[in-house]
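# Breakdown of the fold
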Amino acid sequence: MPYILDIDGVICRGSKPIVEGIKAVKLLIDRGEKFVFVSNNSTRSRRMLLERFRSFGLDVSEDKIVVATYATSIYLKKRYGKLKIFTTGEKGLIDELKLAGHEIVDYDDAECLVVASNRNLDYNLMTKALRCCMKADIYVATNPDKIFPGWDGPIPGTGMIIGALYWMTSRMPDAIVGKPSEIIMNEALSKLKCKNAVVVGDQIDVDVVAGKKIGCKTALVLTGVTTRDNLKKMIEKYGKPDYIADNLFQLVKNL
Ligand SMILES: [Mg+2]
């Protein structure tokens, strides 16, 4: 059975690899199984993630990575063609948008606003985003994440900008590409060239919900956000995954 694998909390925590996660991916490669990575990361391009994977000792090809920066670029191209885009995002997103053929312009020339995290967000950038949001025909966000687990505590996600724009303009994005949206999941299935897969992640409300939406089996691993302590509460609220494992290696070894 092919796998759709989350990255953060499954094979790494930020730039730190999770040993069992890496071991599991190597096992999948050895067995010749199909898999693709799906991540809501909105600041990194596929190339940046490949570099990180290489630092973990994993050599995978670009077509195995469906990250929100790439999925958003492709979604816009398929749905609207090449666009003039203003984005709040960082270089990783800008690179993917350009690779898909879009043109990056200032806010007053844009037909489309793409909202994504930016770790240098300031008043000037928010002002441009506000003006673009009030005027652009198309408004999409790379991912819906409100908060991320940083190494020393929670940090704001793309939701910070979506929320601020909504508070100012009452406008929500026309589409939010990242999990649990079907947009990014369908892109993953089309990369796998199949209709079914096991969707693996560390968050029930994100990964498991996304997997159920596209009718796939789902698996939760306890190496990230969800732990034995908050597991029961999350299942009650969002539903039960088909499989629960301590880590990715435990899961793929037994499947
Ligand atoms: Mg995760």
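Residues numbered from 1 in each chain as written. Predicted model: local features only at pLDDT ≥ 70, side-chain atom pairs only at ≥ 80, totals over all residues.

Right, let's get into the overall build of the protein chain. On a plain count of helices and strands, the protein chain comes out with ten helices and 15 strands. Against the globule reference of 18 Å for 255 residues, the protein chain gives a C-alpha radius of gyration of 18 Å, in line with a compact fold. The C-alpha extent of the protein chain, read off along each of the three principal axes, is 55 × 35 × 35 Å. Per-residue burial for the protein chain yields a buried fraction of 46% across its 255 residues. Long-range pairs, those at least 24 residues apart, make up 70% of the contacts in the protein chain between residues at least 6 apart in sequence. (Helix = DSSP H or I, 4+ residues; strand = E, 2+ residues; numbered from the N terminus. Rg over C-alpha atoms; globule rule 2.2 N^0.38 Å. Buried ≥ 20, exposed ≤ 12 C-beta atoms within 10 Å, placed from the backbone. Contact = placed C-beta atoms within 7 Å.)

All right, on to the packing of helix 8 (residues 204-213) against helix 9 (residues 231-238) then. Remark: helix 8 packs on helix 9, axes separated minimally by 11 Å, with the N-to-C direction vectors making an angle of 45°. By the criterion of interaxial angle, the relationship of helix 8 to helix 9 is oblique. For the pair helix 8 and helix 9, the crossing hand works out as right-handed. Of the residues in helix 9, those in contact with Ile204, Asp205, Val208 and Val209 of helix 8 are Met234, Ile235 and Tyr238. (Axes fitted to C-alpha atoms, helices over the stretch in contact; angles between N-to-C directions. Parallel < 35°, antiparallel > 145°, perpendicular 65-115°, else oblique. Left-handed = near helix turned anticlockwise from the far one by under 90°.)

Our next topic: helix 8. Of the residues making up helix 8, those classed as buried are Ile204, Val206, Asp207, Val208, Ala210 and Gly211. Two residues or fewer after helix 8 comes Gly215, characterised by a positive phi angle close to 75°.

Another aspect to go through is the domain arrangement of the protein chain. Once the domains are mapped, the protein chain shows domain 1 (3-40 + 179-254) and domain 2 (69-176). Across the contact, seven residues belong to domain 1 and nine residues belong to domain 2. Residues belonging to the side of domain 1 that touches domain 2 are distributed by class as follows: three nonpolar, three polar and one charged. (Domains from an automatic or database assignment. Nonpolar A, V, L, I, M, F, W, Y, C, P; charged D, E, K, R; others polar.)

Here we come to the sheet that holds strand 4 (residues 35-39). Sheet architecture is open: six strands sit in the order 5-4-1-13-14-15, paired in parallel fashion. Because the sheet does not close on itself, it has two edges, and the strands there are strand 5 (65-67) and strand 15 (243-245). Ignoring strand direction, the axes of neighbouring strands in this sheet form an average angle of 20°. Where strand 1 (residues 3-5) and strand 4 come together, three bridges link them in parallel fashion. Bridging across to strand 4, Leu5 finds its partner in Phe37. Packing against the sheet, helix 7 (residues 182-192) makes contact with strand 1, strand 4 and strand 5, and its axis sits at approximately 160° to strand 4. In the packing of helix 8 onto the sheet, the strands contacted are strand 13 (198-201) and strand 14 (217-221), and the crossing angle to strand 13 comes to about 175°. (Pairing = 2+ DSSP bridges.)

What the five strands build is an open sheet, ordered 7-6-8-9-12; its pairing is parallel. On the outer flanks of this sheet lie strand 7 (103-104) and strand 12 (175-176), each paired with one strand and no other. Across the sheet, helix 5 (residues 123-135) lies against strand 6 (84-87), strand 8 (112-115) and strand 9 (138-141), angled at about 135° from strand 8, the strand it touches most.

In terms of nonpolar packing, the biggest core is built from 70 residues, with Ile4, Val66, Ala71, Leu113, Val115, Val200 and Leu248 touching the most fellow members. Among the elements that take part in this core, helix 3 (residues 68-80) stands out by supplying six residues, more than any other. When residues of this core are assigned to domains, at least three fall in each of domain 1 (3-40 + 179-254) and domain 2 (69-176). Once you skip the residues sitting within four places of it in the chain, Leu113 turns out to touch Phe86, Ala129, Cys132, Cys133, Ala136 and Tyr139. (Core = buried A, V, L, I, M, F, W, Y, C linked by C-beta atoms within 7 Å.)

Attention now goes to the environment of Val10. Considering the arrangement of structural elements, one finds Val10 in the loop between strand 1 and strand 2 (12-13). Between the C-alpha atom of Val10 and that of Ala116, which follows or precedes it by 106 residues, the distance is 22 Å. In contact with Val10, other than residues within four places in its own chain, are Leu5, Gly21, Val200, Gly201, Asp202, Val221, Thr223, Gly224 and Leu248.

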